[in-house]
Amino acid sequence: MKRLLAPLFVFVLVLIPSPASADVRAEFALGILTVNGDRDGNAIVVECVNGNVRVNDAAPAGGSVRCTNVESILVRGGDGPDRVVLSDVGRTAFDVLLEIGLFGESGNDTLIGSQLADRLDGGGGIDELRGGGGADKLYPGGGGGQVVGGSGRDTVTVSGGGLWTVDDDRISRLDPVSEETTLQSVEAVTVNGESGNDTVGAAAFSGRLVL
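Residues numbered from 1 in each chain as written. Predicted model: local features only at pLDDT ≥ 70, side-chain atom pairs only at ≥ 80, totals over all residues. Heavy atoms only, no water.

Visitor: I tried to follow the overall build of the protein chain on my own but got confused; where do I start?
Guide: Looking only at helices and strands, one finds zero helices and 19 strands in the protein chain. Within the protein chain, contacts between residues at least 6 apart in sequence are counted, and of these 45% link residues at least 24 apart. Summing over all exposed atoms, the protein chain offers an accessible surface of approximately 11400 Å²; the carbon and sulfur share of this is 52%. (Helix = DSSP H or I, 4+ residues; strand = E, 2+ residues; numbered from the N terminus. Contact = heavy atoms within 4.5 Å. Areas by Shrake-Rupley, 256 points an atom, 1.4 Å probe, with all protein chains shown as cover.)

Encoded structure:
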């Protein structure tokens, strides 16, 4: 009896570092790490793993980047409800990092800053901003929301004309539209009014008020 021998196939698995997922684009050039989400809701995490930058557990487009080469991190969530987390970004790994900016843009976003000084800008929607360490600049945007400054001297900036009240727990705009931003661990508030008769009541705010 003749035996039929099945063909023997050998598969070789080649591991290639994958770029950040298709809906989140991470690029690095001239010391700047730029991360952009799409029009849907995005979850974005930036961290340093074994000395290399990881965005959603993947390398930026073009290959591995050493954390010690990053001077600026700019993240734009895009449209939709985004969650951006940089809580593991600190001076030990990113020793030449000078600038960090997180921009939620449209949608109800959650932005969680680094251990350093951050700019968190919620954009449109009702946003949650958490500064983390460092002296953070926090912009909740026109929809209000929640701001937690964290450690460091943190400043919240709101804009628009009308009637404002500020205390240690919240910033409220009462007229011509109604919006409220709750506050925690915030040392300074800036209210950028418009031309006209703007009113800001802040007798119950123990921090620094800038008009």
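Visitor: Explain the sheet that holds strand E18 (residues 199–201) here, please?
Guide: Strand pairing in a sheet is mediated by backbone hydrogen bonds. Such pairs are either parallel or antiparallel. Read across the sheet, 10 strands follow the order E4-E3-E6-E8-E10-E12-E16-E15-E14-E18 without closing on themselves; strand pairing throughout is mixed. Strand pairing shows two members of the sheet lacking a second neighbour, strand E4 (52–55) and E18, which therefore form its edges. Each adjacent strand pair in this sheet contributes to an overall mean axis angle of 10 degrees, direction not counted. Direction of pairing for strand E3 (residues 43–49) relative to strand E6 (residues 83–85): parallel, over a ladder of three bridges. (Pairing = 2+ DSSP bridges. Axes fitted to C-alpha atoms, helices over the stretch in contact; angles between N-to-C directions.)

Visitor: Can you walk me through the state of the cysteines in this structure?
Guide: Every disulfide links exactly two cysteines, by a covalent bond between their sulfur atoms. The final tally for this structure, using the stated rule, is one disulfide. Across a sulfur-sulfur distance of 2.1 Å, Cys48 and Cys67 are joined as a disulfide pair. Between Cys48 and Cys67, the S-S dihedral sits near 110 degrees, and the bridge is therefore right-handed. Separated by 19 residues along the polypeptide, Cys48 in strand E3 and Cys67 in the loop between E4 and strand E5 (72–76) bring together distant segments of the chain. (Disulfide = S-S within 2.5 Å.)

Visitor: Please explain the side chain of Ser114 as it appears in this structure.
Guide: Note on placement: Ser114 falls in the loop between strand E8 (110–112) and strand E9 (119–121). Here the side chain of Ser114 touches Leu116 through a polar contact of 2.9 Å, landing on its backbone nitrogen. Excluding residues that lie within four positions of it along the chain, Ser114 makes contacts with Leu86, Ser87, Val89, Ile100, Gly131, Gly132 and Gly133. (Polar contact = N/O pair within 3.5 Å; in protein donor to acceptor, adjacent residues only side chain to side chain.)

Visitor: Looking at this model, I keep getting lost on the nonpolar core. Mind explaining?
Guide: The nonpolar side chains of soluble globular proteins are, as a tendency, buried together. Formed by 37 residues in total, the largest nonpolar core has its most connected members in Val46, Val55, Ile73, Val75 and Leu86. Contact partners of Leu86, with chain neighbours within four places excluded, come to Val46, Ile73, Val75, Ile100, Leu102, Ile112, Gly113 and Ser114. (Core = buried A, V, L, I, M, F, W, Y, C linked by side-chain atoms within 4.5 Å. Buried < 20%, exposed > 50% of the residue type's maximum accessible area, 1.4 Å probe, protein only.)

Visitor: Whenever I open this one, the side chain of Ser172 confuses me. Can you help?
Guide: Topologically, Ser172 is positioned in strand E15 (residues 170–175). The exposure class assigned to Ser172 is buried, which follows from its relative accessible area of 7%. Side-chain polar atoms of Ser172 contact the side chain of Glu180, separated by 3.5 Å. In contact with Ser172, not counting residues within four places along its chain, are Leu163, Trp164, Thr165, Glu179 and Glu180.

Visitor: Teacher, can you tell me more about the sheet that holds strand E11 (residues 137–139) here?
Guide: Read across the open sheet, the nine strands follow the order E1-E2-E5-E7-E9-E11-E13-E17-E19; overall the sheet is mixed. The sheet is open, and its two edges are formed by strand E1 (24–29) and strand E19 (208–210), each paired on a single side. In this sheet, adjacent strand axes meet at a mean angle of 15 degrees when their direction is disregarded.

Visitor: Looking at this structure, how should I read the pairing of E1?
Guide: Relative to strand E2 (residues 32–37), E1 runs antiparallel, the two sharing six bridges. Bridge pairing links Phe28 to Leu33 in E2. With antiparallel pairing between neighbouring strands as the criterion, E1 and E2 make up a hairpin whose turn holds two residues, including Leu30 at a positive phi of roughly 55 degrees.

Visitor: Sorry if this is basic, but what is going on with the environment of Thr199 here?
Guide: In this structure, Thr199 sits in strand E18. When its relative accessible area of 42% is taken as the criterion, Thr199 is described as partly exposed. In this structure, the C-alpha to C-alpha distance between Thr199 and Gly162, residues 37 residues apart in sequence, is 6.3 Å. In this structure Thr199 touches Gly162, Leu163 and Trp164, once residues within four positions along its chain are discounted.

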